[in-house]
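Observations on the three-dimensional arrangement
Here is what each chain is made of, one letter per residue.
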Amino acid sequence: MKNKMKSLILALALVATVSTYAQQKAIKTSESSISWTGKKVTGSHTGTLNFSSGHLTFSDSNLSGGEFVVDMTSIAVTDLEAGKGKEKLEGHLSSDDFFGTNNHKDAKLVIKKVSKTEKATGVYKISGDLTIKGKTNPIIFSITVSGDSAKAILKVDRTKYDIKYGSGSFFDNLGDKTISDEFELLVNLKM
């Protein structure tokens, strides 16, 4: 009986210690932002996306994980004005040629592995799984955490998510209508 009691007390102490040092910080979705840039031969377009939810997990004050859901129906174009191509491009990006938001309303990022860089305090190398249009692929990027905020830049190869419209990797003779396979996300998180 004494051994069982000691084991129980030890197990409770271990659980209390782990839960004390592992902390999940939810992001403030209304204060966090995602800015995107897509490039083509003749220029680029920029815009925004909104988070549905997300959190970062910390263990002993170091980043150890996280998960984010992005509302793909929130895709907006910021470099064009209303009535001057904005609505047309937003509609095309929402269509099946690109993100197919009628059937794929969310994108998701799950952090799988975190390693702290030796160069700078608060900078981490992230390995995760990114899901867009129901397809999941690994992604690697760096994130900088400072207090209750974090910043990251992700470069995403859209063709890995079956977004091939205008891709010179899949279509010949596109000329100046070629769209880069890679788009960039600038992420600012507030917790």
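Please refer to the structure placed before this passage.
Cut-offs and rules
Residues numbered from 1 in each chain as written. Predicted model: local features only at pLDDT ≥ 70, side-chain atom pairs only at ≥ 80, totals over all residues. Heavy atoms only, no water. Core = buried A, V, L, I, M, F, W, Y, C linked by side-chain atoms within 4.5 Å. Buried < 20%, exposed > 50% of the residue type's maximum accessible area, 1.4 Å probe, protein only. Helix = DSSP H or I, 4+ residues; strand = E, 2+ residues; numbered from the N terminus. Contact = heavy atoms within 4.5 Å. Pairing = 2+ DSSP bridges. Phe/Tyr/Trp six-rings, centres within 6.5 Å; stacked < 30°, edge-to-face > 60°. Lys NZ or Arg CZ within 6 Å of the ring centre and 35° of its normal.

Counting 40 residues, the largest nonpolar core has L56, F99, I132, I143, L154, V156 and L189 as the members making the most contacts within it. Looking at this core, the element that brings in the most residues is strand β4 (residues 62-77), giving six residues. What V156 contacts, discounting residues up to four positions off in sequence, is L130, I132, I139, Y161, D181, E182, F183 and L185.

So, about the pairing of strand β8 (residues 149-157). What you see with β8 is a clean split: A150, A152, L154 and V156 sit on the buried side and S149, K151, I153, K155 and D157 on the side with no burial. Relative to β8, strand β7 (residues 135-146) runs antiparallel, the two being bridged by four bridges. Within β8, the position partnered with T144 by the bridge is K151. From the end of β7 to the start of β8, which pair antiparallel, there are two residues, and G147 there has a positive phi angle of about 60°. Strand direction decides the pairing type here: β8 and strand β9 (residues 179-190), joined by nine bridges, are antiparallel. Across the sheet, residue K151 finds its bridge partner in β9, namely N188.

Turning our attention to the packing of aromatic side chains. Applying the stated criterion across every chain, the model contains three aromatic pairs. Measuring from ring centre to ring centre gives 5.9 Å for F51 and F68, while their planes differ by 55°; the resulting arrangement is tilted. Of this pair, F51 sits in strand β3 (residues 43-59) while F68 sits in strand β4, and the two are 17 residues apart along the sequence. The exposure classification of F51 matches that of F68, with both residues buried. Each ring, one from F99 and one from F183, has its centre 6.0 Å from the other, and the planes form 90°; the classification is edge-to-face. Taken as a pair, F99 in the loop between α2 (86-94) and β5 (106-116) and F183 in strand β9 lie far apart in primary sequence, 84 residues in all. Classification of F99 by relative accessible area gives buried; the value is 9%. Judged by its relative accessible area of 12%, F183 falls in the buried class. Residue placement shows K25 over the ring face of F58; its charged tip is 5.2 Å from the ring centre.

Nothing here speaks to function; it is all geometry.
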